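Structural overview for review
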Amino acid sequence: MYRPRTQQGHRSGGGLGKRQVQPQEQQLVLQTQPLQQGVSILYLPHLLYSSTLGHLKADKKPTGWPREFPFPNPASGPVPAMLRCIELYAAALKTDPSSHTETGKGVMKLSKKLQLAFIKRVNMLCDYLVEYSKPDGNVPWPIRNQRRPDIVPQQFNSWKVGSLYGEGAPNLQQQADAINRLSSWFEWHHQRQPPEMTSEPSVQDEVFTQLLNPLSLLMQTRYNNKNDNNIDRIFYPQWGRSCAARAGNKAAIPDFVLNGTPVAGSQCVVLEVKTWWGYNFNELFTKTTAAPNRNAVAPGAGAFRWREENGMTKLVRQLWGQLGFNNCRWGICTNGAQIFVFHKPSDTMLCISSIMKWTDPSVHQVLIGLCFAAWDEKTYNLNGVMTPFFTHSSTWDTNWS
């Protein structure tokens, strides 16, 4: 388990909760007002070090932050210049690759008007999510909010949206605690070697370790705590395991959800985990839509084959059911080798991003941009902004990753 940094660079304490502060420790405790507003910076872990090329220069430090920030190299040596997931390998003894999750009865019984009808590709979606995560990012269209039509920011990103609606960066102490833990996680992460994968649960363990832990910490650098119970050590929004809050529809329960608050119904992102030896995401689009031909009713429209029975259509139906079951519009799916994100702009359409490799260095920033977008969308009624109609495509291209 990785542990927070002390003055000498050793570790003490553990977990993601608050720890006892020793007076002699040189840590990220502010000398200014404890509730002073933080800084609008995306604190990606690899940018926290003086040896990496980032935007956290000395002159960018808030007043009161320790002089040893950006952090010096740890005793183990220089940290990598980029953050990326560690490649996973399959064990010789693993689950059957032909085993696929059956669609839940509740999903198959959806009325015609609630069934998925079209799948659209949005190849620029990952780029837009990266832009949305940046304090100076610029997603190229204004907010469409019927409640506040007068608000049209020049730069459309999470930080700008938050400031317009009264929520800028959180307080400096919260940011300091979070980036302290992010640096500890990063130093531990780049030195570890994951075990061989044997099943979906083993891939789920790595998803939580390599993706969701840092994403939850990054949320703490962006938002104020939404936990109304005032429990200091529990922060929301945070990633966690999903549970069957209702009877039935078990196949519509995702592996993980991003919970906005401790209250049921605050989920804003679902995440489903598969195995790469059971699911090849390169087949996602070609095996789930009607094959293009001159006699098709709507050639090139991306019509989804709801009643088709193959691994890919079962997966898409499962994801569609998860969005509806959890009242979410955003989701992530990974098989441990590939990742894609998806968005539900309407009751019958699903927009899917290009496919990223598990080890792509942009994965964490894409996903934190998605977390920001999902929470902002649910909070400020911004549905459809990230996937407007003109970005949709339905070209049947087998090489669309």
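Our subject in this report is the structure included herewith. Given the structure is predicted, the values throughout are model-derived calculations rather than measurements. (Residues numbered from 1 in each chain as written. Predicted model: local features only at pLDDT ≥ 70, side-chain atom pairs only at ≥ 80, totals over all residues. Heavy atoms only, no water.)

**Focus: the pattern of salt bridges**
Under the definition given, this model contains six salt bridges. A salt bridge links glutamate 102 to lysine 314, with the nearest nitrogen and oxygen atoms 2.9 Å apart. Of the two residues, glutamate 102 is situated in the segment before α1 (105-108) and lysine 314 in helix α6 (residues 311-325); the sequence distance between them amounts to 212 residues. Taking relative accessible area as the criterion, lysine 314 reaches 12% and is therefore assigned buried. We note a salt bridge from glutamate 167 to lysine 226, for which the minimum N-O separation is 2.7 Å. Taken together, the residues span a long stretch of sequence, with glutamate 167 in the loop between α3 (158-164) and α4 (172-189) and lysine 226 in the loop between α5 (200-220) and β2 (238-241) at a distance of 59 residues. Comparing glutamate 167 with lysine 226 shows no difference in burial state: the two are buried. (Salt bridge = Lys/Arg side-chain N within 4 Å of Asp/Glu carboxyl O. Helix = DSSP H or I, 4+ residues; strand = E, 2+ residues; numbered from the N terminus. Buried < 20%, exposed > 50% of the residue type's maximum accessible area, 1.4 Å probe, protein only.)

**So, α6**
Its 15 residues give α6 an end-to-end C-alpha distance of 21 Å, which sits within 8% of 21 Å, the value for a rise of 1.5 Å per residue. Where burial is concerned, most of α6 is hidden: 14 out of the 15 residues are buried. With a side-chain oxygen lying 3.0 Å from the backbone nitrogen of methionine 312, the N-terminal cap of α6 falls on asparagine 310. Positive backbone phi, approximately 55 degrees, marks asparagine 327, located one or two places after α6. (Expected span 1.5 Å × (residues − 1). Polar contact = N/O pair within 3.5 Å; in protein donor to acceptor, adjacent residues only side chain to side chain.)

**Notes on the side chain of threonine 103**
In this fold, threonine 103 is placed in the segment before α1. A polar contact is formed between the side chain of threonine 103 and the side chain of arginine 317, at a distance of 2.9 Å.

**With respect to the packing of α4 against α5**
The N-to-C vectors of α4 and α5 enclose an angle of 160 degrees; their axes lie 8 Å apart at closest approach. Relative to α5, the element α4 is oriented roughly antiparallel. When you trace α4 past α5, the crossing you get is left-handed. Side by side, α4 and α5 meet where Gln174, Ala178, Arg181, Leu182, Trp185, Trp188 and His189 of the first sit next to Thr209, Gln210, Asn213, Pro214, Leu217, Leu218 and Gln220 of the second. The residue makeup of the contact of α4 with α5, split by class, is seven nonpolar, six polar and one charged. (Axes fitted to C-alpha atoms, helices over the stretch in contact; angles between N-to-C directions. Parallel < 35°, antiparallel > 145°, perpendicular 65-115°, else oblique. Left-handed = near helix turned anticlockwise from the far one by under 90°. Contact = heavy atoms within 4.5 Å. Nonpolar A, V, L, I, M, F, W, Y, C, P; charged D, E, K, R; others polar.)

**Concerning the nonpolar core**
By size, the foremost hydrophobic cluster in this structure holds 69 residues, and its most contacted members are Trp239 and Met386. Examining the composition of this core, we find that 11 residues originate from one element, helix α7 (residues 363-380), more than from any other. (Core = buried A, V, L, I, M, F, W, Y, C linked by side-chain atoms within 4.5 Å.)

**Some words on the packing of aromatic side chains**
For the structure on display, the rule yields 12 aromatic pairs. An angle of 55 degrees between the planes, with centres 5.9 Å apart, marks the rings of tyrosine 49 and phenylalanine 71 as tilted. On the criterion of sequence distance, the pair formed by tyrosine 49 in the segment before α1 and phenylalanine 71 in the segment before α1 is long-range, its members being 22 residues apart. The same class applies to tyrosine 49 as to phenylalanine 71, namely buried. Measuring from ring centre to ring centre gives 4.4 Å for tyrosine 165 and tyrosine 380, while their planes differ by 20 degrees; the resulting arrangement is stacked. (Phe/Tyr/Trp six-rings, centres within 6.5 Å; stacked < 30°, edge-to-face > 60°.)

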